[in-house]
Amino acid sequence: MVTELTTQECERLHVCETTIKNGLSTFREVGEALLEIREGRLYKQDFRTFEAYCQERWEFGRVQAHRLIVASRTAKGMD
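Residues numbered from 1 in each chain as written. Predicted model: local features only at pLDDT ≥ 70, side-chain atom pairs only at ≥ 80, totals over all residues. Heavy atoms only, no water.

Explain the overall build of the protein here, please?
Secondary structure assignment for the protein yields 3 helices and 0 strands. Relative to a compact globule of 79 residues, whose C-alpha radius of gyration would be 12 Å, the protein shows 18 Å and is clearly more extended. In terms of principal-axis extent, the alpha carbons of the protein reach across some 55 × 25 × 20 Å. Across the 79 residues of the protein, 19% fall into the buried class. Counting only contacts in the protein whose residues sit at least 6 apart along the sequence, the fraction spanning at least 24 positions is 51%. Element-wise, carbon and sulfur atoms account for 53% of the exposed surface of the protein, whose accessible area totals about 6,600 Å². For the protein, the centre of its 12 positive side-chain charges and the centre of its 13 negative side-chain charges are spaced 10 Å apart. (Helix = DSSP H or I, 4+ residues; strand = E, 2+ residues; numbered from the N terminus. Rg over C-alpha atoms; globule rule 2.2 N^0.38 Å. Buried < 20%, exposed > 50% of the residue type's maximum accessible area, 1.4 Å probe, protein only. Contact = heavy atoms within 4.5 Å. Areas by Shrake-Rupley, 256 points an atom, 1.4 Å probe, with all protein chains shown as cover. Lys, Arg positive; Asp, Glu negative; His and termini not counted. Charge placed at Lys NZ, Arg CZ, Asp CG, Glu CD.)

Laid out in structure tokens, this is it:
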């Protein structure tokens, strides 16, 4: 069953979809940046490990960083 949206609902849908589109681009960039930092050991000046860097700088652990990296690679493959 298909139901037509009101004008207000259409406007909200557009706003939400724009947010999703922008967010998809951003999370790809975040994952790619984390990968570069991890692989290049760009954290080493201030942190002993990538995990410490993620936790202290961004308040998330290595597992979340890995998820973002994998998700960005997956999304990149969908292009």
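Help me understand the side chain of Ser-72 in this model?
Tracing the sequence through the fold places Ser-72 in helix 3 (residues 62-78). One polar contact links the side chain of Ser-72 to the main-chain carbonyl oxygen of Ile-69, over a distance of 2.8 Å. (Polar contact = N/O pair within 3.5 Å; in protein donor to acceptor, adjacent residues only side chain to side chain.)

Would you take a moment to explain the nonpolar core for this structure?
Listed in full, the 12 residues of the largest apolar core are Leu-34, Leu-35, Ile-37, Tyr-43, Phe-47, Phe-50, Ala-52, Tyr-53, Cys-54, Ala-65, Leu-68 and Ile-69. If you list the elements that add at least two residues to this core, you get helix 1 (7-39), helix 2 (50-58) and helix 3. With 4 residues, the single largest contributor to this core is helix 2. (Core = buried A, V, L, I, M, F, W, Y, C linked by side-chain atoms within 4.5 Å.)

Explanation requested: the environment of Val-30 in the structure shown.
Relative to the assigned elements, Val-30 resides in helix 1. Given a relative accessible area of 33%, Val-30 falls into the partly exposed group. For the pair Val-30 and Ser-72, spaced 42 residues apart in the sequence, the C-alpha separation amounts to 7.8 Å.

What should I look at first to understand the state of the cysteines in this one?
Here a disulfide denotes one covalent bond, and it connects the sulfur atoms of two cysteines. Using the criterion set out here, one finds 0 disulfides in the structure. Lacking any disulfide linkage, Cys-16 is separated from the closest cysteine sulfur, that of Cys-10, by 12 Å. (Disulfide = S-S within 2.5 Å.)

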